[in-house]
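Reading the structure
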Amino acid sequence: MKEKEEIYSITSNFYSTETKNVIKLFANKLSDTPFYQNIEIRVYDKNQNLLYTFAPKIDYGYSPKLTALDFIGNGLNQIFYNADSGGSGGYGFYYVFEICSKNATALFDFETFGSQNQYSGQFLNNYRAQIFAKENTYFLDVSKMDNYFKNQIFYSNGMVKNTEIDIGGVNIVFPFFNPSLGIWLLQVYQKATAVAEVNTLGYVINALQFDGQNFTQFWQYFALSPTSQN
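Residues numbered from 1 in each chain as written. Predicted model: local features only at pLDDT ≥ 70, side-chain atom pairs only at ≥ 80, totals over all residues. Heavy atoms only, no water.

**Notes on the nonpolar core**
Across soluble globular proteins, nonpolar side chains have a tendency to be buried as a group. For the record, the criterion: We define a nonpolar core as any set of buried Ala, Val, Leu, Ile, Met, Phe, Trp, Tyr and Cys residues linked to one another through side-chain atoms lying within 4.5 Å. Burial here depends on accessible area, computed with a 1.4 Å probe over protein chains only, as a share of the maximum for the residue type. Under 20% is buried, over 50% is exposed, and the range in between is partly exposed. Note on conventions: DSSP H or I runs of at least 4 residues are helices, E runs of at least 2 residues are strands, and numbering of each starts at the N terminus. Two residues form a contact once any of their heavy atoms are found within 4.5 Å.
Judged by nonpolar contacts, the single largest core of 36 residues is most densely connected at Ile23, Tyr81, Ile99, Phe108, Leu186 and Phe215. For this core, the element with the highest residue contribution is strand E7 (residues 92-99), accounting for 6 residues. The residues contacting tyrosine 81, other than those within four sequence positions of it, are Leu25, Ile39, Ile41, Pro56, Ile58, Pro64, Lys65, Leu66, Phe93, Tyr94, Tyr95 and Phe97. In terms of nonpolar packing, the next biggest core, distinct from the first, is built from 20 residues, Ile131, Ile153, Val160 and Ile165 among them.

What follows is the structure in structure tokens.
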């Protein structure tokens, strides 16, 4: 296998306010595409001496990137890692890593979050839908859904013939800054679809804050997709 190439580099204070470290992303590029495999993250000291390497659990993807952000509020930065999966589903791979002098720890893993936060939904009579997101229930008016999909879900009188709504794992994760707290938080999107992946009803959106041990939910809502309101 050919030697990995450096594709990204960031410098910041990760485990000491006195010392900056360089963190680089290496991988094998597939032909002339932005797809990379065998992704590896290398941690260097201030003198560019390699300290250790680690890899995201899913070590491939399109356009992988590292961002230094403070999720903890201790004056140090952690790494937000993201890469696109490709395809039409709009999925990606997302992790938050805490960097120490000898190892890295995953504070957020999108697959773990998705497995622990599985939601469901169903269509109701009169062009309505119901989304169950743990302790929250959301009711939707889907009367303006595209007729092609609506006719596969409802009879012409508005009665349901196919109740199934699919809510999958994590699609997208966005970091966002809270100036009152002085830290970065995570916004996690899980898509609700029906009949086909392209027929998006909306997203269950969770905002997460690091509590010292884990990223925990502090609010949630359901956002309607513009395509479900045409």
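Having seen it, we continue.
**Observations regarding the sheet that holds strand E10 (residues 128-133)**
Strand pairing in a sheet takes place through backbone hydrogen bonds and is either antiparallel or parallel in direction. Let me state the cut-off plainly: Should DSSP find at least two bridges between two strands, the strands are taken to pair. Structural elements are reduced to axes, namely lines fitted to C-alpha atoms, with helices fitted over the stretch in contact, and the angle between N-to-C directions of any two is expressed from 0 to 180 degrees.
Pairing in this open sheet of 7 strands is antiparallel, and the strands run E11-E10-E9-E12-E13-E14-E15 from one edge to the other. Because the sheet does not close on itself, it has two edges, and the strands there are strand E11 (136-141) and strand E15 (215-224). Recorded for the sheet is a direction-independent mean angle of 30° between the axes of neighbouring strands. With 6 bridges joining them, E10 and E11 adopt antiparallel strand pairing. Bridged to glutamine 130 within E11 is phenylalanine 139.

**Regarding unusual backbone geometry**
Not every positive phi belongs to a glycine, and serine 31 is a case in point at roughly 55°. Within the secondary structure, serine 31 sits in the loop between strand E2 (21-29) and strand E3 (35-44). Accessibility expressed as a relative area gives 56% for serine 31, which makes it exposed.

Function-wise, these values are silent; they only describe arrangement.
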